[in-house]
Amino acid sequence: MTSAMIVSLQPEAVETGAEVLLKGGNAVDAAIACAFVQTVVDPLMCGIAGFGCLHVYLPERGVHEIIDFHGRVPASATPDMWENRILGETDDGFGFVLKDAVNDLGYQSITTPGTLKAFWEAHQRYGTKSWAELIAPAIRLAADGFTVTPGVHGYWVGVDTPGRVSVQDRLAFSDYGRQIYCDRDGRPLAIGATVKNPDLAETYRRIANGGATVFYDGDISQDIAADMQANNALLDASDLADYQTDTSSPLVGSYRGLVVSTNRPPGGGVMLLEMLNILECFDLKAMGHNSAEYIKTVAEAMKIATAHKDQYVGDPR
């Protein structure tokens, strides 16, 4: 590959992806290796038990698709199970505040995760390097430790979103979380501290050897199911075994003559395109980047698009 760019929140993840490219891997290889490292060094922003969308663009193979791996509600959930707990909406409008935060923290808040399955499917379709090779850097970092950066620490102790459980409370929720990420007083580890997570390293070794199957329909899924059952969770083994991703063509829009490809609902692509279509009516350059007028204009565009979020139901095709 003569030229490429890889972007992520943490330097260890970027360097890992760049090394994969230098060794002859393709964009999918680099993205997967980068993502696995990101799950180690920035655990509350990225994890194999999370959800999202994977945008794959390989023009030399004629591939342009979105692998959607949003979380699925466990089958045991019912529409009315929390109707007496609703206190209102969160301030950002992207969730609801429930009594005791049962939907935001704890075992009943857990949806069926899709991240690992999406990584696996992308690799099986388009990867060129071995699965185990791509996970190896993440295993090393989890076992040997990583340094808490200012960016990670800032998120851990930063300003909380009204209506949502604080990040510090999430870190300290479980005994294991406190052991790994907190000091003796239960506060998040300081900038420069070394974090080792040997159990995560071992889980990744099992996944490296057995693929995503061990997580969704194998030994790890059984471990997860036993823990869920012991703690009155909604999730069980059948939810993991039944989980499927969705693959579709991207949603396509435009911005100042440029083609913009993004994800479909339930992802936020429609809102992104609406924001861009509003903003292309304004001379942002003349306003000056981050000037008061610039920030006001962008904020209003985001507010309008966010207000329309509940209208984005189903497939806009």
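Right above here is the structure, for reference.
Before going into details, it helps to say that this report is about the structure given with it. Since we're looking at a predicted model, the values are computed, not measured. (Residues numbered from 1 in each chain as written. Predicted model: local features only at pLDDT ≥ 70, side-chain atom pairs only at ≥ 80, totals over all residues. Heavy atoms only, no water.)

**Let's talk about the overall build of the chain**
Argument step 1. Secondary structure summary: the chain contains 14 helices and nine strands in total.
Argument step 2. Taken over the C-alpha trace, the chain has a radius of gyration of 21 Å; the compact-globule value for 317 residues is 20 Å, and the two agree within 12%.
Argument step 3. If one aligns the C-alpha atoms of the chain with their principal axes, the spans along those axes are about 55 × 55 × 40 Å.
Argument step 4. Evaluated residue by residue, the chain yields a buried proportion of 43% over its 317 residues.
Argument step 5. Within the chain, contacts between residues at least 6 apart in sequence are counted, and of these 62% link residues at least 24 apart.
Argument step 6. Across the chain, the centroid of the 24 positively charged side chains sits 3 Å from that of the 40 negatively charged ones. (Helix = DSSP H or I, 4+ residues; strand = E, 2+ residues; numbered from the N terminus. Rg over C-alpha atoms; globule rule 2.2 N^0.38 Å. Buried < 20%, exposed > 50% of the residue type's maximum accessible area, 1.4 Å probe, protein only. Contact = heavy atoms within 4.5 Å. Lys, Arg positive; Asp, Glu negative; His and termini not counted. Charge placed at Lys NZ, Arg CZ, Asp CG, Glu CD.)

**A word on the environment of Thr 306**
Argument step 1. Looking at where Thr 306 falls in the secondary structure, it is placed in helix H14 (residues 292–307).
Argument step 2. For the pair Thr 306 and Leu 200, spaced 106 residues apart in sequence, the C-alpha to C-alpha distance is 36 Å.
Argument step 3. Residues contacting Thr 306, with those up to four places away along its chain left out, are Asp 92, Phe 94 and Met 271.

**Some remarks on the sheet that holds strand E7 (residues 246–248)**
Argument step 1. Spatially, the three strands line up as an open sheet ordered E1-E2-E7, and their pairing is antiparallel. This sheet does not close on itself; its edge strands, each paired only once, are strand E1 (53–58) and E7. Here the average twist between neighbouring strands, direction ignored, is 20°.
Argument step 2. Alignment of E1 against strand E2 (residues 63–68), held across six bridges, turns out to be antiparallel. Bridge pairing links Leu 54 to Ile 67 in E2.
Argument step 3. On top of the sheet, helix H3 (residues 115–126) reaches E1, E2 and E7; it is set at about 160° to E2, its chief contact. (Pairing = 2+ DSSP bridges. Axes fitted to C-alpha atoms, helices over the stretch in contact; angles between N-to-C directions.)

**Examining the pairing of strand E9 (residues 258–262)**
Argument step 1. Across five bridges, strand E8 (residues 251–255) lies against E9 in antiparallel orientation. The residue of E9 that forms the bridge with Val 252 is Ser 261.
Argument step 2. Counted along the chain from E8 to the antiparallel partner E9, the turn is two residues long, and its residue Arg 256 has a positive phi close to 50°.

**Considerations on the environment of Asp 183**
Argument step 1. Along the polypeptide, Asp 183 turns up in the loop between helix H7 (175–181) and strand E6 (194–195).
Argument step 2. Its relative accessible area of 29% is what places Asp 183 among the partly exposed residues.
Argument step 3. With 10 residues separating them in the primary sequence, Asp 183 and Ala 193 have C-alpha atoms 9.9 Å apart.
Argument step 4. Not counting residues up to four positions away in its chain, the partners in contact with Asp 183 are Pro 188 and Leu 189.

**Things to note about the packing of aromatic side chains**
Argument step 1. Taken as a whole, this structure holds seven aromatic pairs when the rule is applied.
Argument step 2. With 5.0 Å between their ring centres and 65° between their planes, Phe 215 and Tyr 216 make a pair best called edge-to-face.
Argument step 3. Phe 215 gets classed as buried once you look at its relative accessible area, which sits at 6%.
Argument step 4. Put simply, the rings of Phe 36, Phe 119, Trp 120, Trp 131 and Tyr 204 pair up and form one aromatic cluster.
Argument step 5. A cation over a ring is seen here: Lys 117 above Tyr 216, with NZ or CZ 4.7 Å from the ring centre. (Phe/Tyr/Trp six-rings, centres within 6.5 Å; stacked < 30°, edge-to-face > 60°. Lys NZ or Arg CZ within 6 Å of the ring centre and 35° of its normal.)

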